[in-house]
Amino acid sequence: MSITLHTAEDIEKMRIAGRLGSEVLDYITPFVKAGVTTGELDRLCHDYMVNVQGTIPATLNYTPPGHVPYPASICTSVNHQVCHGVPGTRVLKNGDIINIDITVIKDGYHGDNSRMFIIGDASVLAKRLCSITYECMWLGIQQVKPDATLGDIGHAIQKHAEGAGFSIVQEYCGHGIGRRFHEEPQVVHYGRPGTGVRLKPGMIFTIEPMINAGRRHVKPPLSSDGWTVVTKDHSLSAQWEHTILVTDSGYEVLTLSAGSPQPPAFIQA
């Protein structure tokens, strides 16, 4: 599959889808607290997407090769769950960390993003992991410009994560996105500068580092639900995600909204 260079019309549609995806996270934020089940968060997000936004939850019944259909409208990955956590009866408790991953479809285009949430008073390690992972995502985003490479993105993320004593999950990565949920290129979160695909204006892809407090390895096989990925050593894992457009002069983050967390100070400077 070749890499899509999106047209001006595509890009405008992706801006809308990206903003709507981010607005689902804005909406759900007040509900993410101790005592709520991940299933209730899924129900609330589904209702907001379908009945308020008029969007389609991209994950619901999504069935890539080798998988059973995904049964929910969002992904909720708690503590040692790395990604693709299936919502259900789990009750969030004080000290938990949770990634909520939202992808909406609007007019045939996908807006994909995720955020970390800290429930109550989490450990110093949990807070630091969430913060470093957020910085890693933005350091990767900061590398995006024409003629840069995917290796530049991966290296910036890997250097910061490993410098903080954490590790990069290598089995899962970012991806091209547009009319299709997942397409080329694959955007790994480790690598060497100057290597890999060279970036061109019109490319759109996600940057979504998954970073573990312990070793990088995930536990094979997948959980009994066929989807949830967990760390092999049961250590905490965190992830943040934005959808990024390569512009003529740099990058544009497509998954921003009024409630988006502010970029780190080194981005704002």
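Position numbers for residues count from 1 along each chain, tracking the sequence in the order it is written. Residues qualify for local features only when their pLDDT is at least 70, as the model is predicted, and side-chain atom pairs are given and counted only at 80 or more; totals for whole chains, interfaces and linings, by contrast, use all residues. The side-chain values count all of the structure's non-hydrogen atoms but skip hydrogen atoms and water molecules.

A. Seen up close, the nonpolar core. Val 144, Ile 153, Leu 199, Phe 205 and Ile 207 are the most contacted members of the largest nonpolar core, which has 34 residues in total. A helix here means a DSSP run of H or I that spans at least four residues, while a strand means a run of E at least two residues long, and both kinds are numbered starting from the N terminus. For this core, the secondary structure elements donating two or more residues are α3 (124-142), α4 (150-163), β9 (204-207) and β13 (242-246). With 9 residues, the top contributor of residues to this core is α3. For this analysis, residues touch if any pair of their heavy atoms sits within 4.5 Å. Filtering out sequence-adjacent residues up to four positions away, Ile 207 remains in contact with Met 137, Gly 140, Ile 141, Val 144, Ile 153, Ile 157, Val 187, His 189, Trp 240, Glu 241, His 242 and Ile 244. Counting residues in hydrophobic clusters, the runner-up holds 20 residues, among them Leu 41, Ile 100, Val 104 and Phe 117. Residues grouped as a nonpolar core are buried Ala, Val, Leu, Ile, Met, Phe, Trp, Tyr and Cys residues, joined through side-chain atoms within 4.5 Å. Buried, partly exposed and exposed residues are distinguished by accessible area as a fraction of the type maximum, computed with a 1.4 Å probe on protein chains only: under 20%, between the cut-offs, and over 50%, respectively.

B. Highlighting the sheet that holds strand β12 (residues 237-239). Each pair of strands is called paired provided DSSP finds at least two bridges between the two strands. Sheet architecture is open: 3 strands sit in the order β6-β10-β12, paired in antiparallel fashion. In the strand order of this sheet, the two ends are held by β6 (167-168) and β12, each with one partner. One ladder, built from 2 bridges, connects β6 with strand β10 (residues 210-212); its direction is antiparallel. In the sheet register, Ser 167 faces β10, and the bridge partner there is Asn 212. Angles here are taken between N-to-C directions and fall from 0 to 180 degrees, while the axes themselves are lines fitted to C-alpha atoms, restricted in helices to the stretch in contact. Running at roughly 35° to β12, α3 makes contact with β10 and β12 of the sheet.

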